[in-house]
Amino acid sequence: MGGAVKATDRRERLRAILTGERCVMPASVHDPLSARLAQSLGFEAGMFAGSVASLMVLGAPDLAVITLTEFAEQARRITRATDLPIIADADHGYGNALSVARTVEELEYAGVAALTIEDTELPQAFGAKGARVIPLAEGVGKMRAAVSARDDAALIVVARTGASSISGIDDAVTRCKAYQDTGVDALFLSGVESRDHLEKLCAVARVPVLLGAMAPDVRDLDYLSGLGVRVALQGHWPLRAAISAIRDTMTALKGNAAYAGSDTAASAALMAELSHDAHYKKATKDFLND
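Throughout what follows, the structure given in this document is the object of discussion. All values reported here derive from a predicted model rather than from experimental measurement.

**Quick word on helix α9 (residues 195-203)**
Structural remark: α-helix, 3.6 residues per turn; residues separated by three or four positions point the same way. Where α9 is concerned, the buried positions are His-197, Leu-198, Leu-201 and Cys-202. An end-on view of α9 places all buried positions within 130 degrees of arc, on one side of the element. In this structure, the buried side of α9 is in contact with α7 (163-166), α8 (169-180), β6 (186-189), β7 (209-211), α10 (221-227) and β8 (229-232).

So, in C-alpha cells, the structure goes:
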C-alpha cells in the first residue's frame, strides 16, 4: 500500500531535488486519491496548500479559519496513502512562535516532507485593509522556532514571505536575508510579479528557492533553474477541475438525463488502481477466506 516508504526517505528525496540543478513543478494534491494520481503520472512531489485544505475540509475560502488539527489530519491521510513527498503550506503556523513549534511537531508526525511558514499577518486583523506582514523580528522568531522544533533533521523547513507584493521589494530582500540566517532549508517567494523582483530576491538567496504562482513572463523552467529556483507552483487547478466535473455530472443526473459521461469518467481499472483494489482482494483472501 502507499505510505510504505518512511517519511525520512521521502524527505531526503525532496532534499535531493532542492540541492539539484533543475526546477520541478509539483502536483497540487488535496486528498489520498489525488496524491496517488500525481505519483502514478510521474510527479516528483506534491503540494498541499492551506487554501485547498480549507476547501476540502471545511468548504470555506482561504481565510485562515481551518485549524492545525484539521490541516494535519488531512495531511496525514495524504501521506499514508502515497510515497510522494508532500510539501505542506502551514500558513502562519497557526499562531505565534510557540504555535509554530507545535505546527512543526504535528506536521512532522503527519509525514510531510517539507512545510512552509509565512510572515503574513493571519488571520486578518480587525480594521486591516488588505494583506499585511508581521514585524521582521516576529518573523525571525517564528522561523527560529520552526527549525528548533523538528525532531527529524531531514524535515525541510521553508520560510515563506509575500513581502514583495505587500511591503515592497526592499523589505522582501531584507526578510529573505534574515530568514535564511535562522537555519531554514529554503525560501518560498509568493507574490513575485516580475523577473526583476525575482532576480533581486534570488541574488541574496543562499538556500534553494520555491516559487508561488508565477507571472506569465517568469514561466520558464530553464530560467528559473538558473536562478536557483528548485520548485515552482502552477496553481491549484486539479481541485477546481474536479469540482467542475462533479458539478457537470450532478447537473446531468439531476435533470434525469441519460448519463453520457462514461467516456470521461474514471474507468473501473483506474479506480481499482487508485484504491489499491488488488491489495485488498489479496488481504481478503488471506485473512477472511482462508
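**Points about the packing of helix α4 (residues 68-81) against helix α5 (residues 97-110)**
It is the contact of α4 with α5, at a shortest axis distance of 8 Å, that shows an interaxial angle of 20 degrees. With respect to each other, α4 and α5 are oriented roughly parallel. The hand of the α4/α5 crossing is right-handed. Counting all contacts with α4, which are made through Leu-68, Phe-71, Ala-72, Ala-75, Arg-76 and Thr-79, the residues of α5 involved are Arg-102, Thr-103, Glu-106, Leu-107, Tyr-109 and Ala-110.

**As for the nonpolar core**
Note that soluble globular proteins tend to have their nonpolar side chains buried in a common cluster. Membership of the largest hydrophobic core comes to 61 residues, with the highest contact counts inside it found for Phe-48, Leu-107, Leu-198, Leu-211 and Leu-224. If we ignore the near neighbours within four places in the chain, the residues touching Phe-48 are Val-29, His-30, Ala-53, Phe-71, Gln-74, Ala-75, Ile-78, Ile-86, Ile-87, Ala-88 and Asp-89.

**Focus: the sheet that holds strand β5 (residues 156-161)**
Across the sheet, which stays open at both edges, the eight strands sit in the order β1-β2-β3-β4-β5-β6-β7-β8 with parallel pairing between neighbours. The outermost strands of the open sheet, each flanked by one partner alone, are β1 (27-28) and β8.

**Observations concerning the pattern of salt bridges**
In total, this model carries 13 salt bridges according to the counting rule given. Between Asp-286 and Lys-282 there is a salt bridge, with its nearest N and O atoms 2.6 Å apart. Residue Asp-286 and its partner Lys-282 are located together in helix α13 (residues 277-287), separated by four residues, close to a single helical turn. The exposure class assigned to Asp-286 is partly exposed, which follows from its relative accessible area of 30%.

**What about the environment of Ala-72?**
Mapped onto the elements, Ala-72 comes out in helix α4. Counting along the chain gives 34 residues from Ala-72 to Glu-106, while the straight-line C-alpha distance between them is 6.5 Å.

**A short note on the environment of Ala-131**
Structurally, Ala-131 is set in the loop between β4 (114-118) and α6 (136-149). Given the relative accessible area of 52%, Ala-131 is considered exposed. Placed 31 residues apart in sequence, Ala-131 and Gly-162 show a C-alpha to C-alpha distance of 9.2 Å.

**Here's the deal with a nonpolar patch on the surface**
Where nonpolar side chains cluster on the molecular surface, the patch consists of Met-56, Val-57, Leu-58, Leu-63 and Val-65 and spans about 400 Å² of accessible area. Inspection of the secondary structure puts Leu-58 in helix α3 (residues 50-58). A relative accessible area of 36% means that Leu-58 is categorised as partly exposed.

**Concerning the packing of aromatic side chains**
Taken as a whole and assessed by the stated rule, the structure comprises two aromatic pairs. Between Phe-48 and Phe-71, the aromatic rings sit 4.8 Å apart at their centres with planes inclined by 15 degrees, giving stacked as the arrangement. Here Phe-48, found in strand β2 (residues 46-48), pairs with Phe-71, found in helix α4; they are 23 residues apart in sequence, far enough to count as distant. On the basis of relative accessible area, Phe-48 is assigned to the buried category, the value being 0%. Exposure remark for Phe-71: the relative accessible area of 0% places this residue in the buried category. Relative to Tyr-94, the ring of Phe-71 lies with its centre 6.3 Å away and its plane at 45 degrees, an arrangement referred to as tilted. With Phe-71 in helix α4 and Tyr-94 in the loop between β3 (86-89) and α5, this residue pair connects regions lying 23 residues apart in the sequence. Looking at Tyr-94, the relative accessible area reads 16%, which means it is buried. Connected via pairs of aromatic rings, a cluster forms that spans Phe-48, Phe-71 and Tyr-94. Its guanidinium or amino end placed over the ring of Tyr-223, Arg-195 lies 3.8 Å from that ring's centre, counting from NZ or CZ.

Cut-off values and rules
Residues numbered from 1 in each chain as written. Predicted model: local features only at pLDDT ≥ 70, side-chain atom pairs only at ≥ 80, totals over all residues. Heavy atoms only, no water. Buried < 20%, exposed > 50% of the residue type's maximum accessible area, 1.4 Å probe, protein only. Helix = DSSP H or I, 4+ residues; strand = E, 2+ residues; numbered from the N terminus. Arc of directions from axis to C-beta. Contact = heavy atoms within 4.5 Å. Axes fitted to C-alpha atoms, helices over the stretch in contact; angles between N-to-C directions. Parallel < 35°, antiparallel > 145°, perpendicular 65-115°, else oblique. Left-handed = near helix turned anticlockwise from the far one by under 90°. Core = buried A, V, L, I, M, F, W, Y, C linked by side-chain atoms within 4.5 Å. Pairing = 2+ DSSP bridges. Salt bridge = Lys/Arg side-chain N within 4 Å of Asp/Glu carboxyl O. Patch = residues over 30% accessible without salt bridge, like charges linked within 9 Å, V, L, I, M, F, W, Y side chains within 5 Å. Areas by Shrake-Rupley, 256 points an atom, 1.4 Å probe, with all protein chains shown as cover. Phe/Tyr/Trp six-rings, centres within 6.5 Å; stacked < 30°, edge-to-face > 60°. Lys NZ or Arg CZ within 6 Å of the ring centre and 35° of its normal.

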